[in-house]
2 protein chains.
Amino acid sequence: MAAAGGGGGEGAELRLLGAWSSPWVTRVQVALGLKGLSYEYVEQDLTSKSDLLLKSNPVHKKVPVLIHGGREVCESLVILQYVDEAWAGTPLLPSDPYDRATARFWAAYVNDTFVPSWRALIWSTTDEQRAEAFKNAVPLVETLERAFRECSKGKAFFGGDDVGLVDVAPGSHLVWIGVVDEVVGARLLDKARFPGLAAWAERFLAVDAVKEVMPDAGKVMEQYKGFMAKWIASAS
Amino acid sequence: MAAAGGGGGEGAELRLLGAWSSPWVTRVQVALGLKGLSYEYVEQDLTSKSDLLLKSNPVHKKVPVLIHGGREVCESLVILQYVDEAWAGTPLLPSDPYDRATARFWAAYVNDTFVPSWRALIWSTTDEQRAEAFKNAVPLVETLERAFRECSKGKAFFGGDDVGLVDVAPGSHLVWIGVVDEVVGARLLDKARFPGLAAWAERFLAVDAVKEVMPDAGKVMEQYKGFMAKWIASAS
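Along every chain, residues carry numbers that run from 1 in the direction the sequence is written. Here every chain gets a letter starting at A, and every ligand a number starting at 1, in the order they are written. Local features are withheld for residues below a pLDDT of 70 in this predicted model, meaning they are given only at 70 or higher, and side-chain atom pairs are given and counted only at 80 or more; totals for whole chains, interfaces and linings count all residues. Water and hydrogen atoms were dropped before computing side-chain values, which therefore reflect all heavy atoms in the structure.

## Observations concerning the overall build of chain A
Strands here mean DSSP runs of E at least two residues long; helices mean DSSP runs of H or I at least four residues long; both are numbered from the N terminus. Helix and strand counts for chain A stand at ten helices and four strands. Ordered by position in the sequence, the α and β elements of chain A form the string β-α-β-α-β-β-α-α-α-α-α-α-α-α. For chain A, the C-alpha atoms occupy an extent of roughly 55 × 45 × 30 Å along the three principal directions. With 236 residues in all, chain A has 52% of them scored as buried. With the model as given, the accessible surface of chain A reaches about 10,500 Å², and the carbon-plus-sulfur share is 52%. With a 1.4 Å probe rolled over the protein chains alone, any residue whose accessible area is under 20% of its type maximum counts as buried; one over 50% counts as exposed, and the rest are partly exposed. Reported accessibility uses the Shrake-Rupley method at a 1.4 Å probe radius. Residues are deemed covered only where the shown protein chains occlude them.

## Things to note about the UniProt feature "domain: GST C-terminal" (unreviewed entry) in chain A
UniProt positions are given in the numbering used here, feature names are shortened, and annotations may be inferred rather than shown by experiment. In the numbering used here, UniProt assigns the feature "domain: GST C-terminal" (unreviewed entry) to residues 96-227 of chain A. Along residues 96-227 of chain A the backbone is 73% helical and 0% strand, and the end-to-end C-alpha distance reaches 43 Å.

## Observations regarding helix H10 (residues 217-235) of chain B
All names here are of chain B. Helix length check: H10 (19 residues) gives 26 Å between terminal C-alpha atoms against 27 Å at 1.5 Å per residue, within 8%. Of the residues making up H10, those classed as buried are Val220, Met221, Tyr224 and Met228. End-on, the buried residues of H10 take up no more than an arc of 95°, which puts them together on one face. Away from its buried face, by an angle of more than 90 degrees, H10 presents the exposed residues Lys219, Glu222, Lys230 and Ser234. Throughout, a contact is declared for two residues whenever any of their heavy atoms are within 4.5 Å. Summarising the contacts, the buried residues of H10 are in contact with helix H4 (97-122) and helix H7 (174-184). In protein, a polar contact requires one atom able to donate a hydrogen and another able to accept it; more generally it is a pair of N or O atoms within 3.5 Å, and residues adjacent in sequence count only if both atoms are side-chain atoms. With a side-chain oxygen positioned 3.1 Å from the backbone nitrogen of Gly218, the residue opening H10 is Asp216. Take the number of residues in a helix, subtract one, and multiply by 1.5 Å to get its expected span. This arc is built from the directions going out from the helix axis to the C-beta atoms.

So this is what it looks like as structure tokens:
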């Protein structure tokens, strides 16, 4: 098992329970990478949950779970803030209280508003459902485009010159967004319509700590097609 | 307009857009009270939203909104953390990163898991629906009872000796929980079943900063009955 290294944290054991295609897990992997921390990654089978997972996250029984020195931290946004507060190195949140509040607001918007709407697109099975779900998601992307302008203030990322909490929150979904786009035959982060976000997405995906942990689009497509086949079979 | 006072914050203007019976607003009022801050409270009519509210929270168009020196902070848990970081005085979150993560986890649990489930009880109109909603809410209260034991470590509050984030998150709903209990003819925080939470609730409601801002149970009952009458009329 790799010990936690780098940053300002203790050298206590650091393990991440994950599932390879989960954007929520990717978030944590990106954050750990940005902090320069090494950790043991433990893949979980979500169709048959391990005793370790059930014991580590008895409330939600979900990944990601970060286990640091034997103590569990659950829920991706909680973990990201924990990583930021437990280790020095590249900050994920700004230092000014108002800017921190703005970052938390947008991260919550991604979780509570954007992703649930976009998920309707993922699970659409007919062209009509897809058109409706796509139409409903577009105003939320417009809001994120405005958020990007306000947060980045002309810089590369929501976080300014460096990737931060609000970059990682939606950015971890980019491979899935691309895969769903391909299936739907549309482009959610359309360059002409959302120039800020489209360029941001390219920059985000080019960051080393992101590239190293983003799931492979071809494999995600394969998994998605498998999910959809089961979903359609169960619904018919 | 009252200027912000006390604590370590600037003396910038502090205004809170609220709605008198909203537990989400009560949370912020409790936090501002605990910090010893004075502010202008501006009641909002949610059936006819003001230009001020729409301009201050264009994304969600909801209360609470805290306006500090002309800058808006929205979403109750984001505001609580802002208040904690912008002003000194009684801390709402602990200082240790792991304890902070634990507090954020439970506050999110209240928002994302407990309240949505309990809300089904609020909107139930038949005895069968009520029994079902009550039955579904009980395991979540069991989880909160365990959380209380773990967080309080034998002390008075989730936050230890003093009220903190995890006290304010569910505590702001206590008047509503009592009103719904009365209508349903049951007791969600039953003393025999949940001794920790039941005693905690009594202590929480006796705190000065809480007593001063909790809505009147009789008025909440009146509003709830009005909501229900409309709800039943619209459903029939």
